[in-house]
Amino acid sequence: MLDIINFVALSGIFNVLFFWYASTKMKSKPDPVKTLIVSFLFSIPLSFLLIGVYTTMLIYAARHGASEDAMWEYMEQEELQ
């Protein structure tokens, strides 16, 4: 679970930085603010992935009567196996 969260966060950061860098290398210099907005729009699907995984974890915890902290501990134990 933590790997997914880290992956989504790093992907979002890379996406923003890539769009910003690419905008500086284009022949016609686009507006940096518009480029930043476009990069955030491309990051929206990654955010939905993170929301979906976290929500699924909370629903699973509620069905089994576990708390959120217990689910995090369970996920970390599963990663170690």
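Caption draft 1: Molecular detail of the environment of Leu58. By secondary structure assignment, the location of Leu58 is in helix 2 (residues 32-63). For Leu58, a relative accessible area of 33% translates into the label partly exposed. In the structure, Leu58 is positioned 13 residues away from Met71 in sequence and 7.9 Å away in space, judged by C-alpha atoms.

Caption draft 2: Quick peek at the packing of helix 2 against helix 3 (residues 68-80). With their axes 9 Å apart at the nearest point, helix 2 and helix 3 run at an angle of 110° to one another. Regarding the angle of helix 2 to helix 3, the classification is roughly perpendicular. By crossing handedness, the relation of helix 2 to helix 3 is classed as right-handed. Within the contact between the two elements, helix 2 uses Tyr54, Met57, Leu58, Tyr60 and Ala61 and helix 3 uses Glu68, Met71, Trp72 and Met75. Partitioning the contact of helix 2 with helix 3 into residue classes produces eight nonpolar, no polar and one charged.

Caption draft 3: A negative patch on the surface, seen in detail. Among the surface-exposed residues, Glu68, Asp69, Glu73, Glu76 and Glu79 lie close enough to one another that they form a single negatively charged patch. You can see Glu79 is positioned in helix 3. You can call Glu79 partly exposed: its relative accessible area is 39%.

The rules behind the values
- Residues numbered from 1 in each chain as written.
- Predicted model: local features only at pLDDT ≥ 70, side-chain atom pairs only at ≥ 80, totals over all residues.
- Heavy atoms only, no water.
- Helix = DSSP H or I, 4+ residues; strand = E, 2+ residues; numbered from the N terminus.
- Buried < 20%, exposed > 50% of the residue type's maximum accessible area, 1.4 Å probe, protein only.
- Axes fitted to C-alpha atoms, helices over the stretch in contact; angles between N-to-C directions.
- Parallel < 35°, antiparallel > 145°, perpendicular 65-115°, else oblique.
- Left-handed = near helix turned anticlockwise from the far one by under 90°.
- Contact = heavy atoms within 4.5 Å.
- Nonpolar A, V, L, I, M, F, W, Y, C, P; charged D, E, K, R; others polar.
- Patch = residues over 30% accessible without salt bridge, like charges linked within 9 Å, V, L, I, M, F, W, Y side chains within 5 Å.
- Areas by Shrake-Rupley, 256 points an atom, 1.4 Å probe, with all protein chains shown as cover.
- Salt bridge = Lys/Arg side-chain N within 4 Å of Asp/Glu carboxyl O.
- Lys, Arg positive; Asp, Glu negative; His and termini not counted.
- Charge placed at Lys NZ, Arg CZ, Asp CG, Glu CD.

Functional significance is not addressed by these values, which are geometric in nature.
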